[in-house]
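Residues per chain, in single letters:
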Amino acid sequence: MLIQCGAMPLTLAIIYVMASFRYPVDYLTVAVVQGLLAAFLTWKLALAGWWRAIQLLFPLAVLTALALQLPSWLFGAAFLLLLGWYWSTFRTQVPYYPSGPAVWDAVRQLLPADRPPRVIDIGSGLGGLVMYLSRTRPDAVVAGIELAPLPFLYSWLRAKLAGGRAQFLLGDYEKLDFSRYDLVFAYLSPAAMPGLWRKVSAEMRPGAMLASYEFIVPERSPDRIVHATEGDVPLYIWYF
C-alpha cells in the first residue's frame, strides 16, 4: 500500500501532462499508469518478482471491482478470511508454506524404529505431515502447532473426523518445551531460522533431531541432507 501511495503523485503528474496535450484519459489509463509506476518502484526497491505483478495488477483489480459493483460485505469477508489464514505473518515473517507427501515420507524414515517417537511439526498448516505420520506410525505421538486460526481449525477438524492419534495445538511454538520431542520438523522461512536455532540449541535433548525443509541454519551446517523431492529442495537434518 505504501508503494501504491508513493506512485500516486507521479501518476497524477503524468495524467496532468497527458491531459494538457489533449491525450484522451480515462480511468483505465489511470489504472495502467498507476500499476506501471508501482511495479517500477517495486523493482527499484528490489522486492521479489511476484510483488511486481501484484503492484501492476492491483489498480486494475480495484477498477474491475468498482465496475462490477461488488457488495461491500464481500471485501470484509475476504479480509477476515485472509486475516484468519495468515494471522501474524507480519510478525513471524513465516507465510504459508505447504510441504508434500515426499517430504512427509522422508521425515517418517528419520524416526527411530525401536521405540515410539514424539514428533512436533511447528507451523503445521493444514496438518498434512501430522496426519500422515499418525497413519504410518500409529505408535508415535505426533502433534502440530499452528498460530493462524483457520489452518489450525481445518487440521483440528481433520484429526477429529479421522479419529486417529494426531494432535493439533493453537499457539506459538516459542512457548513449547522442545525437550519433550525426539524430532522437531520446521518449514518456516529464512527470517525465522536464527531464532529457531537458539531455541533448539537450548532445549533439545541428546539424541533428538531438527529437520528443516528448504531453509538452513546459518549458525551450523546440517549433519545430513536428504533430497526428498524432484525439485531438489533439500531436507536438512541436525542431530543433538
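Computed from a prediction, not measured in an experiment: that's the story for all the values here.

Points about the domain arrangement of the protein
And then number 1: Taken domain by domain, the protein comprises domain 1 (1-70) and domain 2 (101-239).
And then number 2: Using C-alpha coordinates to define each centre, domain 1 is positioned 42 Å away from domain 2.

Points about the side chain of Ser 212
And then number 1: Mapping Ser 212 onto the fold places it in strand S5 (residues 209-213).
And then number 2: For Ser 212, a relative accessible area of 0% puts it in the buried group.
And then number 3: Of the polar contacts made by the side chain of Ser 212, one reaches the backbone oxygen of Phe 215; its length is 2.6 Å.
And then number 4: If we ignore the near neighbours within four places in the chain, the residues touching Ser 212 are Ala 186, Met 193, Pro 234, Leu 235, Tyr 236 and Trp 238.

Quick word on the pairing of strand S2 (residues 141-146)
And then number 1: S2 sits mainly inside the fold: 5 of its 6 residues count as buried.
And then number 2: Across 5 bridges, the pairing between strand S1 (residues 118-122) and S2 is parallel. Paired with Ile 120 across the strands is Ala 143, a residue of S2.
And then number 3: Note on the crossover from S1 through helix H7 (residues 128-136) to S2: the handedness is right-handed.
And then number 4: Chirality of the crossover, the property in question, places the unit of S2, helix H8 (residues 149-162) and strand S3 (residues 167-170) among those that are right-handed.

Side note on helix H1 (residues 2-20)
And then number 1: End to end, H1 covers 28 Å across 19 residues, agreeing with the expected 27 Å (1.5 Å per residue, within 8%).
And then number 2: Along its length, H1 shows its largest kink, about 30°, at Met 8, and proline Pro 9 lies within four residues downstream of that point.
And then number 3: Regarding H1, the residues found buried are Ile 3, Gln 4, Ala 7, Thr 11, Ile 15 and Met 18.
And then number 4: At its buried positions, H1 is contacted by helix H2 (27-44) and helix H3 (49-68).
And then number 5: Of the residues flanking the end of H1, it is Arg 22, one or two places downstream, whose phi is positive at about 60°.

Some points on the nonpolar core
And then number 1: One finds Ile 122, Tyr 173, Phe 178, Phe 185, Leu 196 and Leu 235 to be the most contacted residues of the largest nonpolar core, which totals 51 residues.
And then number 2: In this structure, Ala 7, Ile 15, Leu 37 and Ala 38 belong to the second largest nonpolar core, which totals 7 residues.

Considerations on the sheet that holds S3
Hydrogen bonds along the backbone pair up the strands of a sheet, which may run parallel or antiparallel.
And then number 1: If you trace the 7 strands from one edge of the open sheet to the other, you get S3-S2-S1-S4-S5-S7-S6, paired in mixed fashion. Two strands bound the open sheet, and with one partner strand each, they are S3 and strand S6 (224-227). Along the sheet, successive strands turn relative to each other by an average axial angle of 20°, direction set aside.
And then number 2: Direction of pairing for S2 relative to S3: parallel, over a ladder of 4 bridges. Following the sheet pairing, Ile 145 is matched in S3 by Leu 169.
And then number 3: Relative to the sheet, helix H9 (residues 193-203) contacts S1, strand S4 (183-186), S5 and strand S7 (234-239), its axis offset from that of S5 by approximately 170°.

Criteria and thresholds
Residues numbered from 1 in each chain as written. Predicted model: local features only at pLDDT ≥ 70, side-chain atom pairs only at ≥ 80, totals over all residues. Heavy atoms only, no water. Domains from an automatic or database assignment. Helix = DSSP H or I, 4+ residues; strand = E, 2+ residues; numbered from the N terminus. Buried < 20%, exposed > 50% of the residue type's maximum accessible area, 1.4 Å probe, protein only. Polar contact = N/O pair within 3.5 Å; in protein donor to acceptor, adjacent residues only side chain to side chain. Contact = heavy atoms within 4.5 Å. Pairing = 2+ DSSP bridges. Right-handed = clockwise from strand over helix to strand, strands pointing away. Expected span 1.5 Å × (residues − 1). Bend = angle between axes of the 7 residues up to and from the residue. Core = buried A, V, L, I, M, F, W, Y, C linked by side-chain atoms within 4.5 Å. Axes fitted to C-alpha atoms, helices over the stretch in contact; angles between N-to-C directions.

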